Amino acid sequence: MVRLPTATRDWRLVGRTVRLVLGIPSYAAWALLLSILALTVFSLSQSLSVLAFVLSGAVPAGAGLRILLDQYPVLGPRYDLVTGFALLAIAALVGVNLALVTYHVREHGLSAEGGGGSAVGVLLGLLGAGCAACGSAILAGLLSLFGVAGLGTLLPFEGLEFSAVALVVLLLSTYWLAEGMRGGEIRGCPVDID
C-alpha cells in the first residue's frame, strides 16, 4: 500500500533527509547541477527555434547568450511571475529528488516507487514548462491516444495545472524516497524520527 504524507512528522522527515543528504558537498553540487540542467531543458525545450537560431551563428556570441538567457524564467520576459517561480520550484525539486535517488542507489538500493515518481514529475515538469498552447498541444496528443483529445481545452489556468501536478508528484516522490531511507544512516545520523 502506498503511504501518503499526512502528518507534520512526515514533512519533517523529508526536510531532515534532504538536509542530511545535501549536507554532503558532492550531493549538494549534484543537486544544483541537475536543477540547472532541468531548468535549461524546461526553458529551452519550449523555444527550439530560438535555440536553433542562436546556435546557427547568425548572431554574435554575446547577443546569442542574452537571447538564450531571456528564455529562462525570471531572467527574461518569456514567463509570467507565477509560471516562472513554478518552473524554478520544479527544477529545484528535480535536482533534490535526483540527488536523493543517487544517494539512495549508492547507499541503500532503490525501490521502484521512488524512481517512478521522479520520472513522472520530470515529464509533468516538461509539460508545465510551456504555455497553455504548448502544454495543451502535447497533452492533446497524449490524450488522443485514448480518444479524449478535447479535454485539454478545458484547462482554466493556461497550462499551470501541469506545473502544480508536477510539484505534487515531485514532492510525493521525495517523500517516498525519504521514507525508503528511514532507519538508514546518512552521514552517520539515523533518519528515523518517529
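Predicted model only: the values in this text are computed from it and were never measured.

**A look at the overall build of the protein**
- What the protein contains, in helices and strands, is eight helices and two strands.
- What you see in the protein, going N to C, is helices and strands ordered as α-α-α-α-α-α-α-α-β-β.
- Looking at the protein as a whole, 40% of its 194 residues qualify as buried.
- As displayed, the protein offers around 10100 Å² of accessible surface, 71% of which is attributable to carbon and sulfur atoms.

**Digging into the packing of helix H3 (residues 48–55) against helix H4 (residues 61–69)**
- H4 packs onto H3 with a crossing angle of 165° between their chain directions and a minimal axis gap of 10 Å. Relative to H4, the element H3 lies roughly antiparallel. Considering how the two elements wind past one another, H3 and H4 form a crossing that is left-handed. Across the interface between the two elements, Val50, Leu51, Phe53 and Val54 of H3 pack against Gly64, Ile67 and Leu68 of H4.
- Of the residues assigned to the contact of H3 with H4, the class counts are six nonpolar, one polar and no charged.

**Things to note about the pattern of salt bridges**
- Evaluation of the coordinates by the stated rule reveals one salt bridge.
- The partner of Arg66 in a salt bridge is Asp70, and the shortest N-O contact between them spans 3.0 Å.
- Classification of Arg66 by relative accessible area gives partly exposed; the value is 45%.

**So, helix H2 (residues 25–44)**
- Relative to the 28 Å expected for 20 residues at 1.5 Å per residue, H2 spans 28 Å between its end C-alpha atoms, a close match to the ideal helical length.
- Looking only at H2, the buried set comprises Tyr27, Ala31, Leu34, Ser35, Ala38, Leu39, Phe42, Ser43 and Leu44.

**Observations concerning the packing of H2 against helix H5 (residues 81–107)**
- Direction vectors running N to C along H2 and H5 enclose 135°, while the axes themselves pass 7 Å from each other. Between H2 and H5, the interaxial angle falls into the category oblique. H2 and H5 meet at a crossing whose hand is right-handed.
- Grouping the constituent residues of the contact of H2 with H5 by class yields 17 nonpolar, three polar and two charged.

**A short note on the packing of aromatic side chains**
- This model, assessed by the stated rule, comprises two aromatic pairs.
- Judged by centre distance (6.3 Å) and plane angle (50°), the ring pair of Trp11 and Tyr175 falls under tilted. Of this pair, Trp11 sits in helix H1 (residues 8–22) while Tyr175 is found in helix H8 (residues 160–180), placing the two residues 164 residues apart along the sequence.
- Looking at Tyr175, the relative accessible area reads 0%, which means it is buried.
- Here the aromatic rings of Tyr27 and Tyr103 are separated by 5.3 Å at their centres, their planes lie at 75°, and the arrangement is edge-to-face. In this pair, Tyr27 sits in helix H2 while Tyr103 sits in helix H5, placing the two residues 76 residues apart along the sequence. Take Tyr27 and Tyr103: they sit in the same class, and that class is buried.

The rules behind the values
- Residues numbered from 1 in each chain as written.
- Predicted model: local features only at pLDDT ≥ 70, side-chain atom pairs only at ≥ 80, totals over all residues.
- Heavy atoms only, no water.
- Helix = DSSP H or I, 4+ residues; strand = E, 2+ residues; numbered from the N terminus.
- Buried < 20%, exposed > 50% of the residue type's maximum accessible area, 1.4 Å probe, protein only.
- Areas by Shrake-Rupley, 256 points an atom, 1.4 Å probe, with all protein chains shown as cover.
- Axes fitted to C-alpha atoms, helices over the stretch in contact; angles between N-to-C directions.
- Parallel < 35°, antiparallel > 145°, perpendicular 65-115°, else oblique.
- Left-handed = near helix turned anticlockwise from the far one by under 90°.
- Contact = heavy atoms within 4.5 Å.
- Nonpolar A, V, L, I, M, F, W, Y, C, P; charged D, E, K, R; others polar.
- Salt bridge = Lys/Arg side-chain N within 4 Å of Asp/Glu carboxyl O.
- Expected span 1.5 Å × (residues − 1).
- Phe/Tyr/Trp six-rings, centres within 6.5 Å; stacked < 30°, edge-to-face > 60°.

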